[in-house]
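A structural walkthrough
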Amino acid sequence: MNATRRRMSWMHRAPVRGLLLTLTLLFAPWSGTPAAEDTEQEIGRPVPILPGIKYCSSEVLLPDKDAFYTVRDGLLSEYQIKPFKRVRSVALELEQHRDFGRLSCWIRTTEDHSKVILYNYKTLLLLDANNGSLLNSSLLPDGMDIIYAEINGDEILLLVESESAKRNEGLGNKDRYQLFVWDLNTLRHKKSIQLGEHAGFYRNAGLYPGMSITDEKIYLNDLSIFVVLNRKNYTPELRATPASSLALYPDYNRLYFIAKQIFDFTQNKVIFTSNGGNTALIFNQHDRTYKEVNKMDGLASRMQSVKPVLGGHNSSRNSNAWMREGEIYPDMNNLSYRFYQYEAGEAIMMHCKSVVGESEKCAAFEMTPSVRKYMQMKVNEEKDKPLKEVKALPINDATFDKYYIKGVTD
């Protein structure tokens, strides 16, 4: 009886043992790469490979158009932002200036997008944006460096620095900066404006100044002194010291900034002096009035439509967005676009979302054809995973299909 029970018990366990053996063989690790089916199930985060730049890289938004120009390694390209696509590319005629891009370079465009200027610290080039031909070129006079350049109608404005005044270091050196006005087409010098004497703009914070232009104003700032000039006649209108957290409202009229004193040139008097504390100002440039607000409220950062007044050489704006160092910020839902350009004008546009208190998230993307080879995916990025375990792998179909936004391409 006992022997019979043992045989029956073994017979009942046999199918279970067989099933376990089958599962063990099925999931046993193989000596080699994981099966393709396993790899395709792994969803990571899309991350473009960082482009390599050989010669001159810069970008600028086109005025009143949902597009931007880039210059990279002697190629001028135009891209549409929404939906993202490359419109065209043209080789620039730069044979006469082969060493130009090695000193860094930056691009600006005319209002009708037909011409661009490229400039570095010593040289300025005028080129045809349609065929890439070199129209004119000019060197800055000896003893001067170009700090910033902007196009103002049929003129070019150059914020220049005196090398002799630079050697004679002193934060209060009022001879250090000038505004050169050049004719756009001939590149001939029309006038010089000594900014220290003219508007009280001089070296103060020990940092390079910046310049930007809107429809009516020219803004100058060295992170301590902030000056507003009239765009038509270059007369000074406002001087704030020391000034920080500079931002401009979408109406291109109201300014947001923190300052201890405001001098209004139109009234020829000091109109505000701070007693310290947490005061920031909203200044109306049309009626010359201001309102005090608590800077701790974070007004400039909370209002997604408020744009920085200045943001660096590769900073530009139009009526729809502002752009800085390859990132585009439209006026909507804390969304931004991060641009990556590769050889022959191929490019990727990442969609990024900013959430207060969290790190920026970039996952969805658009791209030009034949650019998938530049896409990777990062895996093992969970919070409890050590950084050394995060890997960048070639993007697989599952990840690509999940995050790729199909739209208009080249």
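Residues numbered from 1 in each chain as written. Predicted model: local features only at pLDDT ≥ 70, side-chain atom pairs only at ≥ 80, totals over all residues. Heavy atoms only, no water.

1. A few points about the pattern of salt bridges
When the charged atoms of two side chains lie near each other, side chains of opposite charge can form a pair. Stated precisely, the cut-off is as follows: Each reported salt bridge corresponds to a side-chain nitrogen of Lys or Arg within 4 Å of a carboxyl oxygen of Asp or Glu. We count a stretch as a helix when DSSP gives it H or I for four or more residues in a row; a strand needs E for two or more, and each element gets its number in order from the N terminus. Relative accessible area decides the class of each residue, using a 1.4 Å probe on protein chains only: under 20% of the type maximum gives buried, over 50% gives exposed, and in between gives partly exposed.
Tallying each qualifying case throughout the model produces 13 salt bridges. The shortest N-O distance in the salt bridge between Glu-111 and Arg-231 comes to 3.3 Å. In this pair, Glu-111 is assigned in the loop between strand S6 (106-109) and strand S7 (115-119) and Arg-231 in the loop between strand S16 (226-230) and strand S17 (236-248), connecting sequence segments 120 residues apart. Take Glu-111: its relative accessible area is 55%, and that puts it in the exposed class. A salt bridge links Glu-327 to Arg-338; the shortest N-O distance between them is 3.5 Å. Separated by eleven residues along the polypeptide, Glu-327 in strand S25 (residues 327-330) and Arg-338 in strand S26 (residues 335-341) bring together distant segments of the chain. Through salt bridges with shared partners, one network takes in Lys-65, Glu-78 and Arg-88.

2. Considerations on the pairing of strand S9 (residues 134-139)
Within a regular beta strand, the side chains point alternately toward one face of the sheet and then the other, so they alternate between its two faces. Definition in use: Two strands qualify as a pair provided that DSSP identifies no fewer than 2 bridges between them.
As paired elements, strand S8 (residues 123-128) and S9 share five bridges and run antiparallel to each other. The partner of Leu-124 across the bridge, within S9, is Ser-138.

3. So, the state of the cysteines
Working definition of a disulfide: a covalent bond connecting the sulfur atoms of two cysteines. Keep this limit in mind: By disulfide we mean two sulfur atoms from cysteines, separated by a distance within 2.5 Å.
All chains considered together, the criterion is met by two disulfides. Two residues, Cys-56 and Cys-105, share a disulfide whose sulfurs are 1.6 Å apart. Judged by the sign of its S-S torsion, about 60°, the bond between Cys-56 and Cys-105 is right-handed. Linking Cys-56 in the loop between strand S1 (45-48) and strand S2 (57-61) with Cys-105 in the loop between strand S5 (85-91) and S6, this pair joins segments that are 49 residues apart in sequence. Here the two residues Cys-56 and Cys-105 agree in accessibility, since each one is buried. Between the sulfur of Cys-352 and that of Cys-362 lies a disulfide, 2.1 Å long from S to S. Across the disulfide from Cys-352 to Cys-362, rotation about the S-S bond amounts to roughly 110°, and the bridge is consequently right-handed. With a gap of ten residues between them, Cys-352 in strand S27 (residues 347-353) and Cys-362 in strand S28 (residues 361-367) connect regions that are remote in the sequence. Taken as a pair, Cys-352 and Cys-362 share a single burial class, namely buried.

4. So, the nonpolar core
Inclusion rule: Among buried residues, the Ala, Val, Leu, Ile, Met, Phe, Trp, Tyr and Cys ones that are joined through side-chain atoms within 4.5 Å form a nonpolar core.
In terms of nonpolar packing, the biggest core is built from 37 residues, with Leu-158 and Leu-195 touching the most fellow members. Broken down by element, the residue count for this core peaks at six residues, all from strand S10 (residues 144-152). With 20 residues, the next largest nonpolar core counts Ala-67, Val-71, Cys-105 and Ala-129 among its residues.

5. Brief notes about the packing of aromatic side chains
Inclusion rule: Stacked, tilted and edge-to-face are the three classes assigned to paired rings of Phe, Tyr and Trp, where Trp is represented by its six-membered ring and a pair needs centres within 6.5 Å; plane angles under 30 degrees give stacked, over 60 edge-to-face, the rest tilted. Our definition puts a charge over a ring when NZ of Lys or CZ of Arg is within 6 Å of the ring centre and also within 35 degrees of the ring normal.
Counted by the stated rule, this structure contains 17 aromatic pairs. Ring centres of Tyr-79 and Phe-84 lie 5.8 Å apart, and the angle between their planes is 10°; this geometry places the pair in the stacked category. The two residues Tyr-79 and Phe-84 agree in class, both being buried. With centroids separated by 5.4 Å and ring planes inclined at 70°, the aromatic side chains of Phe-272 and Tyr-290 adopt a geometry described as edge-to-face. Highlighted residues: Phe-272 in strand S19 (residues 269-273) and Tyr-290 in strand S21 (residues 289-294), separated in sequence by 18 residues. Feature note: the residues Phe-68, Tyr-79, Phe-84 and Phe-339 constitute an aromatic cluster, connected by ring pairs. Positioned above the aromatic ring of Tyr-249 is the side chain of Arg-254, whose terminal nitrogen or guanidinium carbon lies 4.1 Å from the ring centre.

Function cannot be read off these values alone, since they describe shape.
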